[in-house]
Amino acid sequence: MGVEAYMAVAGVLFALGIVCIISRRNILYVLMGVEMILNAANINFVAFNRYGNGGMEGRMFAIFVIILAAAEAAIALAIVLNVFHLFQSVRPSEADILRD
Amino acid sequence: MNTLTAFDYKLLLAVPLIPLCGYVIQIFFGRNLPRKGDWLLTGGMFVVMCITVYMFFSKALGHEGTLPFWNESAATEGGPVFRWLYDSSAVSSDRNLVAGILYDGLGATMLMVVGVVSFLVHLFATGYMHGDRRYHIFFANISLFTFAMLGLVLSDNILFLFVFWELMGLMSYLLIGHFSHDPTSSRIKFAAAACKKAFLTTRVGDTCLFFGMAMFYFLLPREYNELVGQGLIEGDTVLSSFRFSELWQMTGAIVEAHGGDYPAWMTVAGLFTFGGTVGKSAQFPLHIWLPDAMEGPTPVSAMIHAATMVAAGVYLLGRMFPMMSPTTLQFVMAIGGITAIFAATIGCTVNDIKGVLAYSTISQLGFMVAAIGTGGLGIVAGLFHMVTHAFFKACLFLSAGSVIHGCHHEQDMRKMGGLRKMMPITFAAMLVCTLAIAGMPLFAGYYSKDRIIASAIESVLTQWRGGNVFVMVVLPLAAMLTTFYMFRLIFMTFFGEYRGGHDDHGHGAHGHDDHAGHDAHAGHDGHGHDHDGHHGHAHTPHESPTNMAIPLIVLGLLGVFGGHMWLTGDPLSDYGTWFTKLVRWEDMYVLPDGTSLQLLKMNMLEVSEHNHHVGHIWAVGVSLTVLVLGVLAAWWMYISKRQDSEAGSGDTAALFPIPAQVTGKLGLVYEAVRDKYYIDEFVNATVIRGTMVAARVQSWIDSNIVDGLVVGTGKTARGFGFLCGWVDKHIVDGAVNWVGNTTQAFSSVVRLFQTGRIQQYISFAVGGALLVAAFHILT
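(A) Local environment of helix H17 (residues 444–462) of chain B. In a regular helix each residue adds 1.5 Å, so 19 residues correspond to 27 Å; H17(B) covers 28 Å between its end C-alpha atoms and thus fits that length. Counting buried positions over the 19 residues of H17(B) gives 17, a clear majority of the element.

This is the structure we're talking about:
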């Protein structure tokens, strides 16, 4: 079992995240999808670190991504609150005024 | 030479400045001052009169010694001078103009005359103009006029003389047109036309004067310097100058270098300069404005159009006399003679009391000009006549004003008569001055007029020439006519029965003049007048108030004593008058170096003692003869055969049968004279019609050719503009719109993808990424 297995898991997780972002009608699920994509990227970072040249860069990146994800989640939840405040809804298809 | 102190110069400087300050105060605040400010200006003029009279008596007349009385502030250390356009870094530049005061015998006399007459006219006007709508403006204007006249007399250079001359022309215009601003005046249109006529006619003369002045300014120093270069004149070259004394000095040297002959251009320049006199002093053929100028208020007529402004032309001749070549003088003499006789004949036919005096003024000015033209001692006689004429003509005009005022603004002599009893002061003043103008011995006019006729005779005796003979014949004739028309005026106005005021009472054709007693209301105007039994009939003439009577009395006295005041020697001799002592023709013109101009080497006729004696005796005889003849003729026509029974009919021919018969016999001749020789008609038909035709031609050219050019240019520009507009609209705008439209069409397609839904965007992004990946994998 080599790096391919890790990548397969990460790929599945990424695909699930994409599907979740695209198909879900609740914006909170969309945010969860984003988290899944970020974690798929984290799995890749850790896997490449393990089978790489023995340095610590991959793991450091993974830690940074986790911190970023936490910050992003905070901001995203604030956005969600504002979106709900503005549209009285959390459905992403309703918030389409960017079109204009 | 210079006998004036610095204080005297200051006094002289104050003389023109007082009326100027008065004008400024009056024009801004006059309406709000008590009595509309007349006391201020009249008081100021009283001060001016005192200064001028004091200076005249104490300095000019009290001047002792053999040197001529002569003061030039520009030649005096510390004298008041006005530097105009002065560049002190280039003292010897042609462009530096220095104007100063010239105070000599002639100037002192003229200044005194102007001061006295101006004050008296101001005083008279406080009564005459009482109740006028533009009372304060009238006083402001007449005060500024006085400033100009005083400044003109004091100028020591011809440029400033010209400046004041023009200012007088302007004030004359404004004052003649005084009633043209009064909508209640019935003469409003006449006043407006008269002031325009006066201004434009004198403008012709002024333009001539300007040319003459410029010629002397530029050509005299050039010729002088050329002669210096040729060694014909000893001394240094000179700069251009307007100063009289320097002009005389150059002229004297040039004429002497030419052996007593004048260069031809000086004749031309002299004629141009004389043109100024012709305009201002109303000489033939530019005299036409003066009779019309009588539309102005009577004080204005007295001051401007009799005593001072019209005399300025003669004064100018006196100042420019050395520059006049003998040829010019012949012309001057001929014009003067023509004017004298021609205006005198018209004066005999006029019925307007001011009109008679207007033509009389023209005629007397003709006398003065003719006298100066004779070239001999006539220059002194002409200037003397200017002075005495100022006194008695001002008095005559003011008396006429008093009559008009008393008769409630009636000017037609046919509607007067019998005023002797009602207006005794006016009658006395007018009679005295009529005797003076007629040349009665011991009255002022005698000394000057007799001297003029004498100099005409002397000039013939000395030099038998056509012009001289013409003048010798016409001047006595004109003098006789003067006597005739002046006594005609007196007889028609003051003798017989009063003929005015009938229209309102419906008298029959033979109604006798007894209207004064009935339906009367006493006391109009409040100055109690007692017309021997009349009860102050509203239409009865009345004597004028005190402030109008005083000027009449003073000027009447001057009309008597103005000629022989402080007489020394024989009262009938012409050499004993104060004027000939003050203005001596041997040293009338003092040069900058202190010597007098040698007139005998120039255009002065040398009159021998014998000719002088003969001329004088003949002149006395001729003067007295024409005086007696004139009075007799007037008496015969207007007194002896007067039909008093016709006085109330208003039929002048029945009242005065003899003049009617005479005019009937003269027929066409009389009509020509009565219609002023058709000169106004001639001017209308030639100058005015010509101007109109020229204006029409120019108007046609303007509207067809010039306008055509302009319109053509405009149309071309418009066509070009249309072309540019089309290009702009269709090509430039088309390109811009095409770009816009294309972008819009393209964007309307692209816009379909912009739904605003994040999930779709992500789908597109993922789809795109998958496509790229597929592309990589498959290739």
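On we go from here.
(B) Spatial organisation of the interface of chain B and chain A. Taken residue by residue, the interface counts 10 residues in chain B and 13 residues in chain A. Buried area between chain B and chain A, both sides added, is near 920 Å², and the carbon and sulfur share of it is 60%. The largest contributions to the chain B side of the interface with chain A come from B:Gly756, B:Arg757 and B:Gln759, which together make up 47% of the buried area. For the pair chain B and chain A, the interface holds 0 salt bridges. Between the two partners, chain B and chain A, sit 2 residue pairs in polar contact (both at pLDDT 80 or more). In terms of residue class, the side of chain B that touches chain A is made up of 3 nonpolar, 5 polar and 2 charged.

(C) Inspection of the nonpolar core at higher detail. All names here are of chain B. Core analysis: the largest hydrophobic core is formed by 229 residues, its most contacted members being Tyr103 and Leu152. Considering each element in turn, this core owes the most residues, 18 residues, to helix H14 (residues 378–406). Discounting residues that sit within four places of it in the chain, tyrosine 103 has contacts with Leu4, Leu12, Thr52, Met55, Phe56, Phe69, Trp70, Asn71, Ala108, Leu111 and Leu154.

(D) Molecular detail of empty space enclosed by the protein. All names here are of chain B. Taken as a whole and assessed by the stated rule, the structure comprises 4 cavities of 30 Å³ or more. Looking at the largest cavity, it is lined by 14 residues, and the ones nearest its centre are Asp104, Gly105, Leu582, Asp587 and Met588. Class assignment of the residues belonging to the lining of the largest cavity gives a composition of 9 nonpolar, 1 polar and 4 charged. Every residue along the wall of the second largest cavity is listed here: Ala438, Gly439, Tyr446, Lys449, Asp450, Ile453, Ala479, Ser623 and Val626. Counting residues per element, the ones that place at least two in the lining of the second largest cavity are H17 and helix H21 (609–640). Residue classes in the lining of the second largest cavity are distributed as 5 nonpolar, 2 polar and 2 charged.

(E) Quick peek at the layout of surface pockets. All names here are of chain B. Put simply, the largest pocket is a space of about 1100 Å³. Arg187, Met294, Glu295, Asp352 and Gln411 are, among the 40 residues lining the largest pocket, the residues nearest its centre. Those elements that provide at least two residues to the lining of the largest pocket are helix H6 (188–229), helix H9 (289–292), helix H13 (353–374), H14 and helix H25 (679–750). Tallying contributions element by element places H6 first for the lining of the largest pocket, with 4 residues.

(F) Highlighting the side chain of B:Ser143. Its place among the elements puts B:Ser143 in helix H4 (residues 135–154). Beyond its immediate chain neighbours, meaning those up to four positions away, B:Ser143 contacts B:Pro19, B:Tyr23, B:Leu41 and B:His122.

Parameters at a glance
Here the residue index of a chain counts from 1 through its sequence in written order. Whichever chain is written first is A, and whichever ligand is written first is 1; the rest continue in order. In keeping with the predicted nature of the model, local features appear solely for residues at pLDDT of at least 70, side-chain atom pairs appear and are counted solely at 80 or more, and the whole-chain, interface and lining totals rest on all residues. Water and hydrogen atoms were dropped before computing side-chain values, which therefore reflect all heavy atoms in the structure. Only DSSP runs of H or I reaching four residues or more are called helices, and only runs of E reaching two or more are called strands; each is numbered from the N terminus. One less than the residue count of a helix, multiplied by 1.5 Å, gives the span that helix is expected to have. Accessible area is worked out with a 1.4 Å probe on protein chains only. A residue is then buried under 20% of its type maximum, exposed over 50%, and partly exposed in between. Contacts are assigned to residue pairs that have any heavy atoms within 4.5 Å of one another. A simple way to read buried area is as the amount of 1.4 Å-probe accessible surface that goes missing from two parts once joined, with both sides added. Here, a salt bridge means any side-chain nitrogen of Lys or Arg that lies within 4 Å of a carboxyl oxygen of Asp or Glu. Under the rule applied, a polar contact is a pair of N or O atoms within 3.5 Å (in protein, one hydrogen donor and one hydrogen acceptor; residues adjacent in sequence only if both atoms are side-chain atoms). Basically, the charged four are Asp, Glu, Lys and Arg, the nonpolar ten are Ala, Val, Leu, Ile, Met, Phe, Trp, Tyr, Cys and Pro, and anything else, Gly included, counts as polar. Nonpolar core, defined: a set of buried Ala, Val, Leu, Ile, Met, Phe, Trp, Tyr and Cys residues in which side-chain atoms within 4.5 Å join the residues together. Space inside and on the surface of the protein is sampled on a 1 Å grid over the protein atoms alone, with a cavity defined as a set of points where a 1.4 Å probe fits but cannot get out and a pocket as an open set with protein on both sides within 12 Å along at least 5 of 7 lines; lining residues have an atom within 4 Å of a point. Grid points are joined across faces, edges and corners, and a volume is the space filled by probe spheres set on the points.

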